[in-house]
Amino acid sequence: HFVIDLTPAFEQFETATRVFSDELAYANSRSRLRMMTLYQIAQCHGGIVVGTGNRVEDFGVGFFTKYGDGGVDISPIGDCLKTEVWDMGREFGLPQEIIDAAPTDGLWDDGRTDEGQLGMSYPDLERMMALDFLKRCKAVDSDMPGSAKLSADDRKKLKQYQDTRARNMHKMLPIPVCKF
């Protein structure tokens, strides 16, 4: 492996765009710069860019940068829950400190974690994904016989999950095309 320091390139970009300064936009630009670099390397070697997103991030809450870390050629763990990815790491014998490391997108200088940005843990997000699906199927909180009732805490988390998903849905849907 080798290290490519993208800091000087990003700092030059940041200076050139300072009139359009926005903290989140700059964080997403870091992701896009990383992806551009990965595509440069992949093409030079006749390769492809392999994604690291999981089902929760990529298809649950849309926790990725459009045309950044979401821009990949193949997503081998895209159908796995985050907890399943951790289980695979154990099964493959990865060092425990890697498995236990707090997930982070690495886009912020202040050390923000995924769970801090998302407002709940991955196991909670997975539960809310499942509850959201059941709610859409009217299997929870419905007047139908046999439907389950949600606790106040679950209602709050489910609302947070649904709000995050709705805000990011544009990343998870195909690009709209005007038909003439």
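Everything here concerns the structure above.
All values reported here derive from a predicted model rather than from experimental measurement.

Draft legend 1. Geometry of the environment of Ile48. By secondary structure assignment, the location of Ile48 is in the loop between α2 (23-44) and α3 (55-61). Looking at Ile48, the relative accessible area reads 52%, which means it is exposed. Measuring from C-alpha to C-alpha, the distance between Ile48 and Val72 comes to 7.9 Å, with 24 residues separating the pair along the chain. Not counting chain neighbours up to four residues away, the residues in contact with Ile48 comprise Ala42, Asp73 and Ile74.

Draft legend 2. Representation of the packing of aromatic side chains within the structure. As enumerated under the stated definition, the model contains four aromatic pairs in all. With 6.0 Å between their ring centres and 85° between their planes, Phe10 and Tyr26 make a pair best called edge-to-face. Remark: Tyr26 occurs in helix α2 and Phe10 occurs in helix α1 (residues 7-16); sequence separation between them is 16 residues. Exposure class is identical for Phe10 and Tyr26. Each is buried.

Draft legend 3. How the structure looks around the packing of helix α4 (residues 82-91) against helix α7 (residues 122-136). Contact geometry for α4 and α7: axes closest at 8 Å, N-to-C directions at 130°. Here α7 runs oblique to α4, going by the angle between their axes. Of the residues in α7, those in contact with Lys82, Thr83 and Trp86 of α4 are Tyr122, Pro123 and Glu126. Tallied by class, the residues present in the contact of α4 with α7 amount to three nonpolar, one polar and two charged.

Draft legend 4. Inspection of the nonpolar core at higher detail. With 17 residues, the main nonpolar core has Tyr122, Leu125 and Tyr161 as its most contacted residues. Of all the elements, α7 adds the most residues to this core, at five residues. What Tyr161 contacts, discounting residues up to four positions off in sequence, is Gly60, Val61, Met120, Leu125, Met128, Met129 and Asp132.

What counts and what doesn't
Residues numbered from 1 in each chain as written. Predicted model: local features only at pLDDT ≥ 70, side-chain atom pairs only at ≥ 80, totals over all residues. Heavy atoms only, no water. Helix = DSSP H or I, 4+ residues; strand = E, 2+ residues; numbered from the N terminus. Buried < 20%, exposed > 50% of the residue type's maximum accessible area, 1.4 Å probe, protein only. Contact = heavy atoms within 4.5 Å. Phe/Tyr/Trp six-rings, centres within 6.5 Å; stacked < 30°, edge-to-face > 60°. Axes fitted to C-alpha atoms, helices over the stretch in contact; angles between N-to-C directions. Parallel < 35°, antiparallel > 145°, perpendicular 65-115°, else oblique. Nonpolar A, V, L, I, M, F, W, Y, C, P; charged D, E, K, R; others polar. Core = buried A, V, L, I, M, F, W, Y, C linked by side-chain atoms within 4.5 Å.

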